[in-house]
Amino acid sequence: MSHNHSHDHGRGCSHEALGIEDELEMGIQYSLYEKIDLLNVECLNEETDGSGKTVFKPYDQRLDFDKHVTSDADEELLFNIPFTGNVKLKGIIIVGANDDGHPKKMRLFKNRPKMTFDDVGAPADQEFELERDPNGSIEYATKVVTFSSVHHLSIHLPTNYGDSNTTVYYIGLKGEFTEAHYHGVTICTYESRPNVSDHKNDVFDSVNHQVQ
(Lines give C-alpha, C1' and ligand atoms only; values in the text may rest on other atoms or scores of the structure.)
Protein backbone atom coordinates (compact mmCIF):
# COMPACT_ATOMS: atom_id res chain seq x y z
CA MET A 1 0.00 0.00 0.00
CA SER A 2 2.80 2.44 0.85
CA HIS A 3 5.18 1.43 -1.95
CA ASN A 4 5.29 5.00 -3.34
CA HIS A 5 7.04 6.33 -0.26
CA SER A 6 10.35 4.64 -0.98
CA HIS A 7 10.78 6.67 -4.18
CA ASP A 8 11.09 10.01 -2.40
CA HIS A 9 14.73 9.65 -1.35
CA GLY A 10 17.73 10.93 -3.22
CA ARG A 11 18.04 13.52 -5.95
CA GLY A 12 18.45 10.97 -8.69
CA CYS A 13 15.05 9.34 -8.14
CA SER A 14 12.13 10.07 -10.41
CA HIS A 15 9.54 12.45 -8.95
CA GLU A 16 7.05 12.20 -11.78
CA ALA A 17 4.22 11.17 -9.47
CA LEU A 18 4.25 14.16 -7.13
CA GLY A 19 1.43 14.13 -4.63
CA ILE A 20 -1.20 16.86 -4.85
CA GLU A 21 0.12 18.53 -1.69
CA ASP A 22 3.69 18.46 -3.03
CA GLU A 23 2.51 19.95 -6.30
CA LEU A 24 0.67 22.76 -4.53
CA GLU A 25 3.64 23.46 -2.28
CA MET A 26 6.02 23.67 -5.24
CA GLY A 27 3.55 25.95 -6.99
CA ILE A 28 3.61 28.32 -4.02
CA GLN A 29 7.39 28.22 -3.75
CA TYR A 30 7.94 28.78 -7.46
CA SER A 31 5.65 31.80 -7.83
CA LEU A 32 8.30 34.45 -8.51
CA TYR A 33 7.25 34.48 -12.17
CA GLU A 34 4.41 36.72 -10.96
CA LYS A 35 6.99 39.35 -9.95
CA ILE A 36 8.77 39.46 -13.32
CA ASP A 37 8.38 42.56 -15.47
CA LEU A 38 7.37 40.39 -18.42
CA LEU A 39 7.00 43.27 -20.87
CA ASN A 40 10.72 43.98 -20.54
CA VAL A 41 12.03 40.40 -20.49
CA GLU A 42 14.54 39.84 -23.29
CA CYS A 43 15.70 36.52 -24.70
CA LEU A 44 18.67 36.79 -27.04
CA ASN A 45 19.06 34.27 -29.89
CA GLU A 46 15.45 33.07 -29.67
CA GLU A 47 14.17 31.48 -32.85
CA THR A 48 10.70 33.04 -32.49
CA ASP A 49 10.38 36.61 -31.24
CA GLY A 50 8.80 36.78 -27.79
CA SER A 51 8.97 33.03 -27.15
CA GLY A 52 11.53 33.42 -24.36
CA LYS A 53 8.95 35.12 -22.15
CA THR A 54 6.61 32.13 -22.33
CA VAL A 55 8.85 29.83 -20.25
CA PHE A 56 8.13 31.89 -17.11
CA LYS A 57 4.81 30.36 -16.07
CA PRO A 58 3.15 28.56 -13.14
CA TYR A 59 4.85 25.43 -11.85
CA ASP A 60 1.83 23.29 -12.74
CA GLN A 61 2.24 24.40 -16.36
CA ARG A 62 5.93 23.44 -16.54
CA LEU A 63 5.13 20.53 -18.85
CA ASP A 64 3.04 22.67 -21.20
CA PHE A 65 5.30 22.06 -24.19
CA ASP A 66 3.32 24.40 -26.46
CA LYS A 67 5.02 27.29 -24.67
CA HIS A 68 8.76 27.03 -25.19
CA VAL A 69 11.81 28.79 -26.57
CA THR A 70 14.28 27.32 -29.06
CA SER A 71 17.61 28.94 -29.86
CA ASP A 72 18.22 30.21 -33.37
CA ALA A 73 21.75 30.55 -34.76
CA ASP A 74 23.47 28.19 -32.30
CA GLU A 75 22.84 26.54 -28.93
CA GLU A 76 23.22 29.67 -26.76
CA LEU A 77 20.36 31.48 -25.03
CA LEU A 78 20.56 34.59 -22.84
CA PHE A 79 17.62 35.76 -20.72
CA ASN A 80 17.45 39.28 -19.25
CA ILE A 81 14.81 39.18 -16.49
CA PRO A 82 13.82 42.40 -14.69
CA PHE A 83 11.73 42.13 -11.52
CA THR A 84 9.13 44.59 -10.27
CA GLY A 85 10.92 44.80 -6.92
CA ASN A 86 13.79 43.13 -5.06
CA VAL A 87 14.15 39.37 -4.91
CA LYS A 88 16.05 37.04 -2.61
CA LEU A 89 16.64 34.20 -5.07
CA LYS A 90 16.83 30.73 -3.53
CA GLY A 91 16.36 28.16 -6.29
CA ILE A 92 15.93 27.54 -10.00
CA ILE A 93 14.32 24.73 -12.01
CA ILE A 94 15.02 24.29 -15.74
CA VAL A 95 12.85 22.02 -17.89
CA GLY A 96 14.46 21.32 -21.24
CA ALA A 97 13.87 19.07 -24.20
CA ASN A 98 14.17 15.35 -23.48
CA ASP A 99 17.02 15.04 -25.99
CA ASP A 100 20.43 16.55 -26.76
CA GLY A 101 18.84 20.00 -27.01
CA HIS A 102 18.53 20.16 -23.20
CA PRO A 103 20.81 22.89 -21.77
CA LYS A 104 23.93 21.52 -20.11
CA LYS A 105 25.19 24.57 -18.25
CA MET A 106 23.62 27.61 -16.58
CA ARG A 107 25.39 30.84 -15.65
CA LEU A 108 23.72 33.49 -13.48
CA PHE A 109 24.44 37.22 -13.42
CA LYS A 110 22.69 39.58 -11.00
CA ASN A 111 21.80 43.24 -11.51
CA ARG A 112 23.36 43.63 -14.95
CA PRO A 113 20.50 44.88 -17.17
CA LYS A 114 20.62 44.64 -20.97
CA MET A 115 23.37 42.02 -21.09
CA THR A 116 24.42 40.84 -24.54
CA PHE A 117 26.57 37.95 -25.70
CA ASP A 118 29.50 40.40 -25.67
CA ASP A 119 29.11 40.60 -21.87
CA VAL A 120 28.94 36.90 -20.99
CA GLY A 121 32.72 36.56 -20.95
CA ALA A 122 32.64 38.18 -17.51
CA PRO A 123 32.74 35.87 -14.46
CA ALA A 124 29.25 34.71 -13.53
CA ASP A 125 27.91 35.18 -10.01
CA GLN A 126 27.14 31.44 -9.96
CA GLU A 127 27.36 28.55 -12.43
CA PHE A 128 25.67 25.14 -12.57
CA GLU A 129 26.21 21.99 -14.56
CA LEU A 130 22.69 20.93 -15.56
CA GLU A 131 21.31 17.41 -15.68
CA ARG A 132 18.62 16.49 -18.19
CA ASP A 133 15.35 17.30 -16.42
CA PRO A 134 12.30 16.85 -18.67
CA ASN A 135 9.96 16.67 -15.64
CA GLY A 136 11.06 19.67 -13.58
CA SER A 137 12.13 17.62 -10.57
CA ILE A 138 15.68 18.97 -10.06
CA GLU A 139 16.18 22.16 -8.08
CA TYR A 140 19.42 24.16 -8.24
CA ALA A 141 20.03 26.08 -5.02
CA THR A 142 21.52 29.54 -5.44
CA LYS A 143 23.92 31.22 -3.02
CA VAL A 144 21.40 33.25 -1.04
CA VAL A 145 24.05 35.67 0.25
CA THR A 146 25.00 36.50 -3.34
CA PHE A 147 21.43 36.70 -4.62
CA SER A 148 19.85 38.44 -1.60
CA SER A 149 18.94 41.69 -3.37
CA VAL A 150 18.25 41.06 -7.05
CA HIS A 151 16.23 43.47 -9.19
CA HIS A 152 17.50 42.00 -12.47
CA LEU A 153 18.62 38.44 -13.26
CA SER A 154 20.42 37.30 -16.39
CA ILE A 155 20.51 33.58 -17.19
CA HIS A 156 23.05 32.43 -19.76
CA LEU A 157 22.67 28.93 -21.21
CA PRO A 158 25.92 28.56 -23.19
CA THR A 159 25.72 24.94 -24.29
CA ASN A 160 23.60 21.79 -24.50
CA TYR A 161 24.16 18.05 -24.81
CA GLY A 162 25.26 18.15 -28.43
CA ASP A 163 22.36 19.45 -30.54
CA SER A 164 22.71 22.50 -32.78
CA ASN A 165 19.80 24.20 -30.97
CA THR A 166 18.64 24.42 -27.35
CA THR A 167 14.99 24.11 -26.27
CA VAL A 168 13.65 25.25 -22.88
CA TYR A 169 10.06 24.69 -21.72
CA TYR A 170 10.15 26.15 -18.23
CA ILE A 171 12.32 28.28 -15.97
CA GLY A 172 11.11 28.31 -12.37
CA LEU A 173 12.39 30.82 -9.81
CA LYS A 174 12.01 30.40 -6.06
CA GLY A 175 12.61 33.08 -3.47
CA GLU A 176 11.30 36.01 -1.48
CA PHE A 177 9.99 39.25 -2.97
CA THR A 178 10.05 42.80 -1.58
CA GLU A 179 8.15 45.66 -3.19
CA ALA A 180 10.27 48.47 -4.62
CA HIS A 181 9.67 51.86 -2.98
CA TYR A 182 9.90 54.80 -5.31
CA HIS A 183 7.89 57.52 -3.54
CA GLY A 184 10.92 58.80 -1.60
CA VAL A 185 12.59 59.70 -4.86
CA THR A 186 9.39 61.29 -6.16
CA ILE A 187 9.07 63.52 -3.11
CA CYS A 188 12.67 64.70 -3.39
CA THR A 189 12.25 65.46 -7.07
CA TYR A 190 9.05 67.38 -6.45
CA GLU A 191 10.48 69.46 -3.61
CA SER A 192 13.58 70.39 -5.58
CA ARG A 193 11.60 71.88 -8.48
CA PRO A 194 11.74 75.67 -8.75
CA ASN A 195 8.84 77.71 -7.51
CA VAL A 196 6.91 78.75 -10.62
CA SER A 197 6.12 82.23 -9.32
CA ASP A 198 9.82 82.90 -8.64
CA HIS A 199 11.01 81.78 -12.06
CA LYS A 200 7.93 82.30 -14.19
CA ASN A 201 9.62 83.43 -17.39
CA ASP A 202 12.42 80.85 -17.15
CA VAL A 203 10.00 77.96 -16.70
CA PHE A 204 7.72 78.98 -19.54
CA ASP A 205 10.68 79.63 -21.83
CA SER A 206 12.03 76.12 -21.18
CA VAL A 207 8.61 74.55 -21.73
CA ASN A 208 8.10 76.38 -25.01
CA HIS A 209 11.55 75.42 -26.15
CA GLN A 210 10.90 71.74 -25.42
CA VAL A 211 7.62 71.81 -27.33
CA GLN A 212 9.34 73.19 -30.44
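Attention in this report is confined to the structure presented alongside it. These figures come from a predicted structure and were not determined experimentally.

1. Overview of unusual backbone geometry
Part 1 of the reasoning: Residues other than glycine seldom take positive phi values, yet Asn45 does so here, at roughly 70°.
Part 2 of the reasoning: Tracing the chain through its elements places Asn45 in the loop between strand 1 (42-44) and strand 2 (69-70).
Part 3 of the reasoning: Even without being glycine, Lys114 reaches a positive phi, approximately 60°.
Part 4 of the reasoning: In this structure, Lys114 sits in the loop between strand 4 (105-110) and strand 5 (126-129).
Part 5 of the reasoning: Judged by relative accessible area, Lys114 falls into the exposed class, the value being 56%.

2. So, the pattern of salt bridges
Part 1 of the reasoning: As enumerated under the stated definition, the model contains nine salt bridges in all.
Part 2 of the reasoning: In this structure, Glu23 and Arg62 form a salt bridge, with 2.8 Å as the shortest nitrogen-oxygen distance. Of the two residues, Glu23 is situated in helix 1 (residues 20-29) and Arg62 in the loop between strand 1 and strand 2; the sequence distance between them amounts to 39 residues.
Part 3 of the reasoning: Under the relative-accessibility criterion, Glu23 is labelled partly exposed at 24%.
Part 4 of the reasoning: The exposure class assigned to Arg62 is buried, which follows from its relative accessible area of 7%.

3. As for the packing of aromatic side chains
Part 1 of the reasoning: For the structure shown, the criterion picks out five aromatic pairs.
Part 2 of the reasoning: Measuring from ring centre to ring centre gives 5.9 Å for Phe56 and Phe79, while their planes differ by 90°; the resulting arrangement is edge-to-face. Highlighted residues: Phe56 in the loop between strand 1 and strand 2 and Phe79 in strand 3 (residues 77-96), separated in sequence by 23 residues. For the pair shown, Phe56 and Phe79 are each scored as buried.
Part 3 of the reasoning: Taking 4.2 Å as the distance between ring centres and 35° as the angle between the ring planes, the aromatic pair formed by Phe65 and Tyr169 counts as tilted. Of the two residues, Phe65 sits in the loop between strand 1 and strand 2 while Tyr169 sits in strand 8 (residues 167-179), which places them 104 residues apart along the sequence.
Part 4 of the reasoning: An aromatic cluster is defined as three or more aromatic residues linked by ring pairs; in this entry it consists of Tyr30, Tyr59 and Tyr170.
Part 5 of the reasoning: The residue whose ring lies beneath Arg62 is Tyr59, and the NZ or CZ to ring-centre distance is 3.9 Å.

4. A look at the environment of Phe147
Part 1 of the reasoning: One can find Phe147 in the loop between strand 6 (140-141) and strand 7 (150-157).
Part 2 of the reasoning: Judged by relative accessible area, which is 0%, Phe147 ranks as buried.
Part 3 of the reasoning: Each C-alpha atom of the pair Phe147 and Asn111 lies 9.5 Å from the other, and the pair is 36 residues apart in sequence.
Part 4 of the reasoning: Sequence-distant contacts of Phe147, defined by excluding residues within four places in its chain, comprise Val87, Lys88, Leu89, Leu108, Lys110, Asp125, Gln126, Thr142 and Leu153.

5. Focus on the environment of Val145
Part 1 of the reasoning: Position of Val145 relative to the elements: it lies in the loop between strand 6 and strand 7.
Part 2 of the reasoning: The exposure class assigned to Val145 is exposed, which follows from its relative accessible area of 76%.
Part 3 of the reasoning: A C-alpha to C-alpha distance of 9.5 Å links Val145 and Lys90, two positions 55 residues apart in sequence.

6. So, the nonpolar core
Part 1 of the reasoning: Residues Phe79, Met106, Leu153, Ile155, Ile171 and Leu173 are the most contacted members of the largest nonpolar core, which totals 29 residues.
Part 2 of the reasoning: When contributions to this core are tallied by element, the ones reaching two or more residues are strand 3, strand 4, strand 7 and strand 8.
Part 3 of the reasoning: The residues touching Ile171, leaving out its near neighbours within four places in the chain, are Val55, Phe56, Phe79, Ile92, Ile93, Ile94 and Ile155.
Part 4 of the reasoning: Membership of the second largest hydrophobic core comes to eight residues, among which are Met26, Ile93, Ala97 and Tyr170.

Cut-off values and rules
- Along every chain, residues carry numbers that run from 1 in the direction the sequence is written.
- Local features in this predicted model are restricted to residues whose pLDDT is 70 or higher, and side-chain atom pairs enter the listing and the counts only when it is 80 or higher, whereas totals over whole chains, interfaces and linings include all residues.
- Side-chain measures were taken over the full set of non-hydrogen atoms in the model, leaving aside hydrogen atoms and water.
- Secondary structure elements are taken from DSSP: a helix is a run of H or I of four residues or more, a strand is a run of E of two residues or more, and numbering for both begins at the N terminus.
- Burial here depends on accessible area, computed with a 1.4 Å probe over protein chains only, as a share of the maximum for the residue type. Under 20% is buried, over 50% is exposed, and the range in between is partly exposed.
- Note on definitions: salt bridges are taken to be side-chain nitrogens of Lys or Arg within 4 Å of carboxyl oxygens of Asp or Glu.
- Here is the rule: rings of Phe, Tyr and Trp (six-membered ring for Trp) pair when centre to centre is within 6.5 Å. Planes less than 30 degrees apart are stacked, more than 60 are edge-to-face, and the remainder are tilted.
- Counted as over-ring charges are cases with an Arg CZ or a Lys NZ within 6 Å of the ring centre that also lie within 35 degrees of the ring normal.
- Contacts were defined at the residue level, with two residues in contact if any of their heavy atoms lie within 4.5 Å.
- By convention a nonpolar core is built from buried Ala, Val, Leu, Ile, Met, Phe, Trp, Tyr and Cys residues, the set being connected through side-chain atoms within 4.5 Å.

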